[in-house]
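The lines below spell out each chain.
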Amino acid sequence: EDKELVIAIDGPAGAGKSTVAKRVADTLSYIYIDTGAMYRALTLKALKQGLNLADEDEVAAMAKETEVKFKKVNEKEKVILDGVDVTDKIRTNKVSNNVSLVAKIKAVRERLVKLQREMAAQGGVVMDGRDIGTVVLPDADLKVFLNATVEERTMRRYEDLKESGEEVDFEKLKEEIIRRDEIDKNREVSPLKKAEDANEVDTTNLSISEVVEEILNLCQEV
Ligand code: CDP
Ligand code: CDP
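Residues numbered from 1 in each chain as written. Chains lettered and ligands numbered in written order. Predicted model: local features only at pLDDT ≥ 70, side-chain atom pairs only at ≥ 80, totals over all residues. Heavy atoms only, no water.

Draft legend 1. Region of interest: the site of ligand 1. Surveying the vicinity of ligand 1 reveals 20 residues, the closest of which are R40, R109, D131, R157 and D184. Calculation on ligand 1 without its partners gives an accessible area of 520 Å², and the protein chains cover 98% of this total. Of all the secondary structure elements, the ones that give two or more residues to the shell around ligand 1 are α2 (35–48), α4 (93–103) and α8 (170–186). A per-element tally of the shell around ligand 1 places α2 first, with four residues. Counted by class, the shell around ligand 1 contains five nonpolar, five polar and 10 charged residues. (Near = heavy atom within 4 Å. Areas by Shrake-Rupley, 256 points an atom, 1.4 Å probe, with all protein chains shown as cover. Helix = DSSP H or I, 4+ residues; strand = E, 2+ residues; numbered from the N terminus. Nonpolar A, V, L, I, M, F, W, Y, C, P; charged D, E, K, R; others polar.)

And the structure:
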């Protein structure tokens, strides 16, 4: 019988992490954990409370009092913030444009990383984010770093937002994505970077199925 693997997927915004991670998890009957959704949920709450995101102590204190969970409802994974379903609300561009400020706070990361490790403890898991292969699950059986050109990543995000009814300017969105990547790559605590032992996949010209296939092949080699 095949061993249940722990798979870590990292990369910048719009590289295809969540779409691909979800498909891989479904194919293998593993659980999928979207760590970005956890940072987004805390950001939604901070914005709602009108917190000053530059005040790290204030945001950290809020995070300490907050519960973020995942719950499967009718086969769909829901994000639950303090008991309330916020699955759709965390995907707005407003949350995207502020999440990196919350995610750079050390105490916030410590709290979420602890939860993430607990969620992965039983194996048979695909987890995606920015620091999964480097910090959260350094002993993962397979590490993948997904990438794509910023043009392609912006186009993907542009289409996603349009579909959810949010019209944004392409060039402005591109600048916002570049800015978010910069904050994620340059922060002091667990910055976005490829783990030394990660397999890098450039998804710019690949379909979702092709990326999924590539990852399933890598699983076979493990
Ligand atoms: O879907 P998208 O790639 O736009 O972002 P996400 O995966 O939902 O993550 C949103 C933000 O959360 C990132 O830009 C990071 O600032 C932060 N994040 C992080 O710092 N560490 C993680 N493991 C996951 C997300
Ligand atoms: O999680 P991350 O921000 O890395 O990306 P995502 O939200 O999974 O993917 C962004 C969009 O790109 C989704 O609408 C995917 O369907 C699409 N995508 C694609 O067109 N081609 C790929 N190879 C991967 C994703």
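Now that the structure is up, let's keep going.
Draft legend 2. A look at the UniProt feature "domain: Cytidylate kinase" (unreviewed entry) in the protein. Here, the residues flagged by UniProt with the feature "domain: Cytidylate kinase" (unreviewed entry) are residues 7–220. As a span, residues 7–220 carries 51% helix and 17% strand, and end to end its C-alpha atoms are 12 Å apart. (UniProt positions renumbered as here; feature names shortened; annotations may be inferred.)

Draft legend 3. Molecular detail of the site of ligand 2. Taken together, 15 residues lie around ligand 2, and G14, K17, T19, R157 and D160 are the ones closest in. Side-chain polar atom of S18 to an oxygen atom of ligand 2: 2.9 Å apart, as the coordinates give it. When ligand 2 sits alone it has 540 Å² of accessible area, and the protein chains cover 81% of it. Looking at the shell around ligand 2, the elements with two or more residues in it are α1 (17–28), α7 (150–163) and α9 (208–221). (Polar contact = N/O pair within 3.5 Å; in protein donor to acceptor, adjacent residues only side chain to side chain.)

Draft legend 4. Seen up close, the environment of V6. Note that V6 resides in strand β1 (residues 6–10). Look at V6 and you get buried, because its relative accessible area is 16%. As a C-alpha pair, V6 and C219 span 213 residues in sequence and 9.9 Å in three-dimensional space. Beyond its immediate chain neighbours, meaning those up to four positions away, V6 contacts A120, G123, V125, L137, A140, D141 and L142. (Buried < 20%, exposed > 50% of the residue type's maximum accessible area, 1.4 Å probe, protein only. Contact = heavy atoms within 4.5 Å.)

Draft legend 5. Looking closely at empty space enclosed by the protein. Going through the model one piece at a time under the given rule, you end up with two cavities of 30 Å³ or more. Empty space within the largest cavity amounts to approximately 50 Å³. Forming the boundary of the largest cavity are N93, S96, N97, R157, L173, E176, I177 and R180. Counting only elements with at least two residues in the lining of the largest cavity, the list comes to α4 and α8. By residue class, the composition of the lining of the largest cavity is two nonpolar, three polar and three charged. (1 Å grid on protein atoms, 1.4 Å probe; cavity = no way out; pocket = protein on both sides within 12 Å on 5 of 7 lines; lining within 4 Å. Points joined across faces, edges and corners; volume = space filled by probe spheres on them.)

Draft legend 6. The packing of aromatic side chains, seen in detail. According to the stated counting rule, one finds one aromatic pair in the structure shown. Centroid distance Y158 to F170: 5.9 Å. Interplanar angle 70 degrees. Geometry classified as edge-to-face. Here F170 lies in helix α8 and Y158 lies in helix α7, a separation of 12 residues in the sequence. We classify Y158 as buried; its relative accessible area is 19%. (Phe/Tyr/Trp six-rings, centres within 6.5 Å; stacked < 30°, edge-to-face > 60°.)

Draft legend 7. Local environment of the packing of α2 against α4. Running from N to C, α2 and α4 point in directions that differ by 100 degrees, and their axes come no closer than 8 Å. Relative to α4, the element α2 lies roughly perpendicular. Counted together, Y39, R40, L42, T43, L44 and L47 of α2 and K94, V95, S96, N98, V99, V102 and A103 of α4 form the full contact between these two elements. Tallied by class, residues from the contact of α2 with α4 come to eight nonpolar, three polar and two charged. (Axes fitted to C-alpha atoms, helices over the stretch in contact; angles between N-to-C directions. Parallel < 35°, antiparallel > 145°, perpendicular 65-115°, else oblique.)

Draft legend 8. Looking closely at unusual backbone geometry. Located in the positive-phi region is S29, a residue other than glycine, with phi close to 55 degrees. Tracing the backbone through its elements, the reader meets S29 in the loop between α1 and β2 (31–34). The phi torsion at S190 lies on the positive side, around 35 degrees, for a residue other than glycine. Here S190 lies in the loop between α8 and β8 (199–202).

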